[in-house]
Amino acid sequence: MSTQEANRRLVRRLVMGAVLMFGFGFAMVPLYDVFCEVTGLNGKITNTGPVAVAPADTSRSVKVRLIAVHNEGMPWEFSPKDGVLRVNPGEMKQTAFMATNPTGRRMVAQAVPSVAPAEAAEYLHKVNCFCFEQQPLMAGESVEMPLLFVIDKKLPEHIRSLTLSYTLFDISPEVSAADQTNKEQRL
């Protein structure tokens, strides 16, 4: 085999590899959604905002476990005020998460929620949540971040407990970059 033939073959393989990698990258989002649906990971919450008040279903209760997750590189102290709550479907429940910025600089965080089992996500209605907004904290500052939610009375009977977890991400660099861009646009 000549050098020219070997080079052509190598180029074809490299192009084919690039096409396959692009295709795999393009398919990752739907594959991830299917994976999360099957495993119950990363249940997405779509019910947010005001909710009609109705009497709670006191004939049953649901155990709600609250978990705080630190993203890699996020130095804040972050924890739920209550680790486990008992909630009657239809009952408005209020709790909070505590956060402290132990660093010597101002930071901005964003919380991303997840519900397990994923099937329960559509029945969890967040009325007020710290995850709706960015959370800026000055160096050494602590804050109590409110969470007000309702579990829909239509929650299937077989779901007796659910886990609501929040992962806290440091978005300070993104916020600083956006602030800089806005400042430059005003000039």
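Conventions we followed
- Residues numbered from 1 in each chain as written.
- Predicted model: local features only at pLDDT ≥ 70, side-chain atom pairs only at ≥ 80, totals over all residues.
- Heavy atoms only, no water.
- Helix = DSSP H or I, 4+ residues; strand = E, 2+ residues; numbered from the N terminus.
- Contact = heavy atoms within 4.5 Å.
- Areas by Shrake-Rupley, 256 points an atom, 1.4 Å probe, with all protein chains shown as cover.
- Salt bridge = Lys/Arg side-chain N within 4 Å of Asp/Glu carboxyl O.
- Pairing = 2+ DSSP bridges.
- Axes fitted to C-alpha atoms, helices over the stretch in contact; angles between N-to-C directions.
- Core = buried A, V, L, I, M, F, W, Y, C linked by side-chain atoms within 4.5 Å.
- Buried < 20%, exposed > 50% of the residue type's maximum accessible area, 1.4 Å probe, protein only.
- Phe/Tyr/Trp six-rings, centres within 6.5 Å; stacked < 30°, edge-to-face > 60°.
- Patch = residues over 30% accessible without salt bridge, like charges linked within 9 Å, V, L, I, M, F, W, Y side chains within 5 Å.

Colleague: An account of the overall build of the chain is requested, with residue identities and associated values reported.
Modeller: Each helix and strand counted, the chain has two helices and ten strands in total. In sequence order, the secondary structure elements of the chain are arranged as α-β-β-β-β-β-β-β-β-β-β-α. Partitioning the contacts of the chain with sequence separation of at least 6, the portion at a separation of at least 24 is 77%. When the accessible surface of the chain is totalled, it reaches about 11,700 Å², and 58% of it is carbon and sulfur.

Colleague: Any details on the pattern of salt bridges? Residues and values, ideally.
Modeller: Applying the stated criterion to the full structure yields three salt bridges. The salt bridge partner of glutamate 157 is arginine 60, with a shortest N-O separation of 3.8 Å. Residue glutamate 157 is located in the loop between β9 (142-151) and β10 (161-170), and its partner arginine 60 is located in the loop between β1 (47-48) and β2 (62-70); the two are separated by 97 residues in the primary sequence. The closest approach of N and O atoms between lysine 93 and glutamate 91, which form a salt bridge, is 3.7 Å.

Colleague: Provide a residue-level description of the sheet that holds strand β8 (residues 135-137), including the pertinent values.
Modeller: Strand order in the open sheet made by the five strands is β4-β2-β10-β6-β8, with mixed pairing throughout. The outermost strands of the open sheet, each flanked by one partner alone, are β4 (84-87) and β8. With strand direction ignored, the average angle separating the axes of adjacent strands in the sheet is 30°. Pairing geometry for strand β6 (residues 107-116) and β10, over eight bridges, is antiparallel. Bridging from a neighbouring strand, glutamine 110 pairs with phenylalanine 169 of β10.

Colleague: How would you sum up the nonpolar core? Please name residues and give values.
Modeller: Among soluble globular proteins, nonpolar side chains are generally buried collectively. Membership of the largest hydrophobic core comes to 32 residues, with the highest contact counts inside it found for Val64, Ile151 and Tyr166. When residues of this core are traced back to their parent elements, those giving at least two are β2, β4, β5 (92-100), β6, β7 (124-129), β9 and β10. For valine 64, the residues in contact, after removing those within four places along its chain, are Gly83, Val84, Leu85, Val87, Phe149, Ile151 and Leu162.

Colleague: Break down the packing of aromatic side chains for me, citing the residues and quoting the values.
Modeller: Enumeration according to the criterion identifies five aromatic pairs in this entry. Ring plane angle 50° and centroid distance 5.2 Å describe the contact between phenylalanine 97 and phenylalanine 130, whose orientation is recorded as tilted. Of this pair, phenylalanine 97 sits in strand β5 while phenylalanine 130 sits in the loop between β7 and β8; the two residues are 33 residues apart in sequence, bridging distant segments of the chain. Here the two residues phenylalanine 97 and phenylalanine 130 agree in accessibility, since each one is buried. Here the aromatic rings of phenylalanine 97 and tyrosine 166 are separated by 5.1 Å at their centres, their planes lie at 75°, and the arrangement is edge-to-face. Separated by 69 residues along the polypeptide, phenylalanine 97 in strand β5 and tyrosine 166 in strand β10 bring together distant segments of the chain.

Colleague: Can you tell me about a nonpolar patch on the surface, naming the residues and giving the values?
Modeller: Together, Val11, Val15, Met16, Val19 and Leu20 line one region of the surface with nonpolar side chains, adding up to about 480 Å² of accessible area. Relative to the helices and strands, leucine 20 is located in helix α1 (residues 3-39). According to the relative accessible area criterion, leucine 20 is exposed, its value standing at 56%.

Honestly, that's just the spatial picture; any functional story needs more than this.
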